[in-house]
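# Observations on the model geometry
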Amino acid sequence: MKNKTISIATILFVLFILYFNKGWIVTNLSSPASNEAESAIVLNFPSDRFPETGAHIKAAIERGKSSICTIDRKGAEANRKESLKGVPVKPSLDRDEFPMAMCAEGGKGADIMYISPSDNRGAGSWVSNQLEKYPDGTRVRIVVK
């Protein structure tokens, strides 16, 4: 009878540990790719409002750029300078970069596309407003809707 009590106690203890640590178990057994997406807030980008920027983000992700943006406002100026280096200015067009300059993933190697200034600047303002409440270091998964 004593062995049964120990076995039942052991089983209950293990179940207790598993129940209260289920987040740890799930997180650590998940693949790194799913952890990346799960650990980020989601920003649903409205391509109906900013079609050129939406098309660019979609194309850049299809070409291998990450949909994850780690907010790094302090690095934005340096990232922009690096990503646009060697990309000539064109009259009446903006050079849109993805990942965006405000993302730690931006900068050298960013995907650049020429788009209309109104679409680019409207999209930039919209994204900035959506993310203003989040501190640097926040991971954002960008989904084009």
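Residues numbered from 1 in each chain as written. Predicted model: local features only at pLDDT ≥ 70, side-chain atom pairs only at ≥ 80, totals over all residues. Heavy atoms only, no water.

With an unreviewed UniProt entry as reference, the protein is termed DNA-entry nuclease, source organism Paenibacillus oleatilyticus.

## Section: the packing of helix H4 (residues 51–62) against helix H6 (residues 117–131)
In contact at an axis separation of 7 Å, H4 and H6 are set at 75 degrees when each is read in the N-to-C sense. By the angle between their directions, the pair H4 and H6 is classed as roughly perpendicular. Residues Pro51, Glu52 and Thr53 of H4 form the contact with H6, whose own contacting residues are Asp119, Asn120 and Ala123. Broken down by class, the residue content of the contact of H4 with H6 amounts to two nonpolar, two polar and two charged. (Axes fitted to C-alpha atoms, helices over the stretch in contact; angles between N-to-C directions. Helix = DSSP H or I, 4+ residues; strand = E, 2+ residues; numbered from the N terminus. Parallel < 35°, antiparallel > 145°, perpendicular 65-115°, else oblique. Contact = heavy atoms within 4.5 Å. Nonpolar A, V, L, I, M, F, W, Y, C, P; charged D, E, K, R; others polar.)

## A look at the sheet that holds strand E2 (residues 68–70)
The strand order E1-E5-E2 describes an open sheet built from three strands, whose pairing is mixed. One side of each edge strand has no neighbouring strand; the edge strands of this open sheet are strand E1 (41–45) and E2. When strand polarity is set aside, the average angle formed by the axes of neighbouring strands in this sheet is 35 degrees. As paired strands, E2 and strand E5 (residues 139–144) are joined by three bridges and run antiparallel to one another. Paired with Ile68 across the strands is Arg141, a residue of E5. Across the sheet, H4 touches E1 and E5, and the angle it forms with E5 is around 110 degrees. H6 contacts E1 and E5 of the sheet and is inclined by roughly 150 degrees relative to E1. (Pairing = 2+ DSSP bridges.)

## Details of H4
The end-to-end C-alpha separation of H4 is 16 Å, in line with the 16 Å expected for twelve residues at 1.5 Å each. Within the sequence span of H4, burial applies to Thr53, Gly54, His56, Ile57, Ala59 and Ala60. Contacts from the buried residues of H4 go to E1, strand E3 (94–98), strand E4 (111–115), H6 and E5. (Expected span 1.5 Å × (residues − 1). Buried < 20%, exposed > 50% of the residue type's maximum accessible area, 1.4 Å probe, protein only.)

## Let's talk about the state of the cysteines
Summed over all chains, the structure comprises one disulfide. The disulfide bridge from Cys69 ends at Cys103, spanning 2.0 Å between sulfur atoms. Because the sign of the S-S torsion sets the handedness, a value of about -95 degrees for the bond joining Cys69 and Cys103 places this disulfide among the left-handed ones. A residue pair is termed long-range when its members are at least 10 positions apart, and Cys69 in strand E2 and Cys103 in the loop between E3 and E4 qualify at 34 residues. Cys103 matches Cys69 in its accessibility class, with the two residues each being buried. (Disulfide = S-S within 2.5 Å.)

## As for the layout of surface pockets
In this structure, the largest pocket occupies an estimated 400 Å³ of space. In terms of lining residues, the largest pocket is bounded by 21 residues, among which Arg80, Met100, Ala101, Met102 and Gly124 are the most central. For the lining of the largest pocket, the secondary-structure elements that each account for two or more residues are H4, helix H5 (76–84), E3 and H6. Counting residues per element, the lining of the largest pocket draws most heavily on H6, at six residues. Across the lining of the largest pocket, the residue classes break down as eleven nonpolar, four polar and six charged. (1 Å grid on protein atoms, 1.4 Å probe; cavity = no way out; pocket = protein on both sides within 12 Å on 5 of 7 lines; lining within 4 Å. Points joined across faces, edges and corners; volume = space filled by probe spheres on them.)

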